[in-house]
Amino acid sequence: VIAHRKGNDLLDYHEYSGLRGDELANIVRKKVMEIAHYENCDKNGIRLNIDSNGFGASLVDNLHADGYNEWQIMAIDVNSRPYHTELYNTVRDELWFELFDSVNKRNISFKKIINDKSGALRSQFLMPLYTINGKGKKVVEPKKTTKSRTKRGSPDIADAVNLAFYEYAEGGLTITVS
């Protein structure tokens, strides 16, 4: 899933499947160039937040191998230690809860989303359950558990949107690949 936001507004997302790392890298390059042209900005000012687990690692490698080192590529391991270690177990947990809080405070808006006619984004944000672990930290159930429990697939769109707003306070343009 590639999600695109500008400042505090989610603008768009697109789902892809069955692609190799180099094919997705080509799509990402084109998307960055499209957005840079549309926004009349330098492509190097667009940050790419990429989930570096699994398939995302291949994408990061492809972009770096092709000379896109000047781009703001943020390889983010969502299973790693969060910034707020006292509140969350992993970065993924932090992303889910922090975005939820920001939307509730109206710091982030989904009003400008272009292509969510089916309500997939809303549906996916409602899919995962959460718990409080033995250390008092907020934990979102793993994607595999959500998929198995709901029989509706993984909340990939919601994960990409969460990642798009990682460090959202910096504003600017961000493209996420998750």
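Remember, it's a predicted structure, so these values are computed and weren't measured experimentally.

**Topic: the overall build of the chain**
Okay, step 1: Counting secondary structure elements, the chain contains 6 helices and 7 strands.
Okay, step 2: Helices and strands in the chain line up, N terminus first, as β-β-α-β-α-β-α-α-β-β-α-α-β.
Okay, step 3: The buried share among the 178 residues of the chain stands at 46%.
Okay, step 4: Accessible surface for the chain amounts to roughly 9,700 Å². Of this, 51% is attributable to carbon and sulfur atoms.

**A closer look at the packing of helix α3 (residues 91-104) against helix α6 (residues 156-164)**
Okay, step 1: Interhelical geometry of α3 versus α6 gives an angle of 80 degrees and a closest axis separation of 9 Å. Compared by their axis directions, α3 and α6 come out roughly perpendicular. Every residue of α6 that contacts α3 at Arg92, Leu95, Trp96 and Leu99 is listed here: Ala158, Asp159, Val161, Asn162 and Leu163.
Okay, step 2: Taken together, the residues that form the contact of α3 with α6 break down as 6 nonpolar, 1 polar and 2 charged.

**Some words on the packing of aromatic side chains**
Okay, step 1: Per the stated rule, a full pass over the model turns up 4 aromatic pairs.
Okay, step 2: Residues Tyr88 and Phe97 carry aromatic rings whose centres are separated by 5.9 Å and whose planes lie at 20 degrees to one another, so their mutual orientation is stacked. As far as the burial class goes, Tyr88 and Phe97 line up, both buried.
Okay, step 3: Centre to centre, the rings of Phe97 and Tyr130 are 5.3 Å apart; their planes meet at 85 degrees, and the pair counts as edge-to-face.

**Brief notes about helix α1 (residues 21-39)**
Okay, step 1: Its 19 residues give α1 an end-to-end C-alpha distance of 27 Å, which sits within 8% of 27 Å, the value for a rise of 1.5 Å per residue.
Okay, step 2: Inspection of α1 places Gly21, Leu24, Ala25, Val28, Arg29, Lys31, Val32, Ile35, Ala36 and Glu39 among the buried residues, and these make up the whole buried set. The buried residues of α1 occupy an angular sector of 165 degrees when the element is viewed end-on, so they sit on one face. Seen from the buried face of α1, the exposed residues on the opposite side, beyond 90 degrees, are Lys30, His37 and Tyr38.
Okay, step 3: Two residues or fewer past α1, Asn40 is found with a positive phi of approximately 55 degrees.

**Points about the side chain of Thr90**
Okay, step 1: Relative to the helices and strands, Thr90 is located in the loop between β4 (72-76) and α3.
Okay, step 2: Here the side chain of Thr90 touches Arg92 through a polar contact of 3.3 Å, landing on its backbone nitrogen.
Okay, step 3: Other than its neighbours up to four places away in sequence, Thr90 contacts Val78, Asn79, Ser80 and Pro82.

**Quick notes on the nonpolar core**
Okay, step 1: Residues Val28, Leu48, Ile50, Leu59, Leu63, Trp71 and Ile73 are the most contacted members of the largest nonpolar core, which totals 16 residues.
Okay, step 2: The leading source of residues in this core is α1, at 6 residues.

**Notes on the confidence of the model for the chain**
Okay, step 1: Residue-level pLDDT values for the chain average 86, and 90% of them are 70 or greater.
Okay, step 2: Taken element by element, the chain is modelled with least confidence in strand β7 (residues 173-177), mean pLDDT 61, and with most confidence in strand β6 (residues 138-140), mean pLDDT 97.

Basis of the calculations
Residues numbered from 1 in each chain as written. Predicted model: local features only at pLDDT ≥ 70, side-chain atom pairs only at ≥ 80, totals over all residues. Heavy atoms only, no water. Helix = DSSP H or I, 4+ residues; strand = E, 2+ residues; numbered from the N terminus. Buried < 20%, exposed > 50% of the residue type's maximum accessible area, 1.4 Å probe, protein only. Areas by Shrake-Rupley, 256 points an atom, 1.4 Å probe, with all protein chains shown as cover. Axes fitted to C-alpha atoms, helices over the stretch in contact; angles between N-to-C directions. Parallel < 35°, antiparallel > 145°, perpendicular 65-115°, else oblique. Contact = heavy atoms within 4.5 Å. Nonpolar A, V, L, I, M, F, W, Y, C, P; charged D, E, K, R; others polar. Phe/Tyr/Trp six-rings, centres within 6.5 Å; stacked < 30°, edge-to-face > 60°. Expected span 1.5 Å × (residues − 1). Arc of directions from axis to C-beta. Polar contact = N/O pair within 3.5 Å; in protein donor to acceptor, adjacent residues only side chain to side chain. Core = buried A, V, L, I, M, F, W, Y, C linked by side-chain atoms within 4.5 Å. pLDDT = per-residue confidence, 0-100.

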